[in-house]
Amino acid sequence: MRAKVPATADPTLRQLRRLSNEILAQAGIERPEREVVWLLESALGYSHLAMLLQGEDALTDVQWERALGLVRRRAAREPVQYLLGTQEFCGRDFIVSPAVLIPRPETETVIEAVLAQRRSGDRTLVADVGTGSGCIGISLALALPEAVVYLTDVSAAALAVAQENAVRHGVQDRLRFLLGDLVAPLHDAGLEGRLDVVVANPPYIPESALAALQPEVRDFEPWLALSGGPDGMALHRTLIAAAPRLVAPRGFVALEVGHGQAPAVRSLAEASGAYSRVWTRRDTLGIERVVCCQGPDAEEG
């Protein structure tokens, strides 16, 4: 749909907002009014309050088309996070782009799981495997001021986004960015047996389910960060097998899992015989979201 400037001398902010609501509603966006506010704030610099109080402000053709450009892209189901360029995670804004998965609130459970085991003041070496935007590793660096965090990703574009976020949040001096597949860069860096914490949010959607995802996810987010193989647990198997060689005594491993996958992933870890203890942690909805493992020679607790 191509919306044009109204046939008036001075199209107004109120007209733009009304038209934008109509476009998103017709496209099936669930809460168009809220998203229009976000998009117009980004495109025009108006706050929500200003939109209410200054609705009769005249807009230039350039302003009109710039704002409607974002609205049209959202109507085509491009994620609003990519349009705005940020997503909140653990109370902080992280830069996102189509090179990285958009952070989800349930992933904050990984942070909670680590902090339940490690405390600020611990000298901690952390690895965030498949870091994407860096939201997990950077959040841990902020929560654990003594930690040094290694962030790996097979995508150079994703690592570039993570580096931007590290600078944005002022932790770049304690982060190390390693390009490569999963844990291979950690071995190359000589970290075998040295890591205190290994975390990952591996892709966990079964290949057969990808086509049924919402268009925002299916058509725009990177499939490499979504597809978890035939049953959604291919990378969990790899990480469960690889992590014991990387963690130090009393090392801790936390892997995010999809809805309903926790029992199977937990069983994989227990069957490996490589961990002294395996348990799960639930997210705020009560879903078992993170499988937690203590490495060899760890103390029970």
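Since the model is a prediction, treat every value here as computed from it, not as a measurement. Sequence order sets the numbering: in each chain, residues are counted from 1 along the sequence as written. Confidence filtering applies because this is a predicted model: local features only for residues at pLDDT of at least 70, side-chain atom pairs given and counted only at 80 or more, and all residues used for totals across whole chains, interfaces and linings. Only hydrogens and water are set aside; all other atoms, that is, all heavy atoms of the structure, feed into the side-chain values.

Quick look at the packing of aromatic side chains
Now for step 1: Centre distance within 6.5 Å is the pairing criterion for rings of Phe, Tyr and Trp, where only the six-membered ring of Trp is used; planes under 30 degrees apart are then read as stacked, over 60 as edge-to-face, and the remainder as tilted. Scanning all chains against the criterion turns up 2 aromatic pairs.
Now for step 2: Pairing Phe-89 with Phe-94 gives two aromatic rings, centres 6.1 Å apart and planes at 80 degrees, and the pair type is edge-to-face. You'll find Phe-89 and Phe-94 in the same group, each marked buried.
Now for step 3: Between the aromatic rings of Phe-252 and Trp-279, the centroid separation amounts to 5.8 Å while the plane-to-plane angle is 40 degrees, which identifies the pairing as tilted. Linking Phe-252 in strand S7 (residues 247-256) with Trp-279 in strand S8 (residues 277-282), this pair joins segments that are 27 residues apart in sequence. Residue exposure (1.4 Å probe, protein chains only): buried if accessible area is under 20% of the type maximum, exposed if over 50%, otherwise partly exposed. Strands here mean DSSP runs of E at least two residues long; helices mean DSSP runs of H or I at least four residues long; both are numbered from the N terminus.

Regarding helix H4 (residues 61-75)
Now for step 1: Expected helix span is computed as 1.5 Å times (number of residues minus one). In this model, H4 (15 residues) spans 20 Å end to end at C-alpha, consistent with the 21 Å of a helix rising 1.5 Å per residue.
Now for step 2: Buried residues of H4: Gln-63, Trp-64, Ala-67, Leu-68, Leu-70, Val-71, Arg-72 and Arg-74, and no others.
Now for step 3: Here, two residues are considered to be in contact whenever any of their heavy atoms come within 4.5 Å of each other. Check the buried side of H4 and you find it contacts helix H1 (13-26), helix H2 (32-44), helix H5 (80-84) and helix H10 (215-218).
Now for step 4: Note on H4: the residue one or two positions beyond its end, Arg-77, has a positive phi of about 75 degrees.

Some points on the sheet that holds strand S4 (residues 148-153)
Now for step 1: In this description, strands pair whenever DSSP reports at least two bridges between them. Taking strand neighbours across the sheet as the criterion, the 7 strands line up as S5-S4-S3-S6-S7-S9-S8 in an open arrangement whose pairing is mixed. A strand with exactly one partner marks an edge of an open sheet, and here the two such strands are strand S5 (175-179) and S8. Across the sheet, the axes of successive neighbouring strands diverge by a mean angle of 20 degrees, strand direction being ignored.
Now for step 2: Pairing of strand S6 (residues 195-200) with S7, which is carried by 5 bridges, proceeds in the parallel orientation. Residue pairing for S7: Val-199 is matched across the bridge by Ala-254.
Now for step 3: Every axis corresponds to a line fitted to the C-alpha atoms, with the helix fit spanning only the stretch in contact, and the corresponding angles, defined between N-to-C directions, vary from 0 to 180 degrees. The strands that helix H6 (residues 108-115) touches are S6, S7, S8 and strand S9 (288-294); relative to S9, the one it contacts most, it runs at about 30 degrees.

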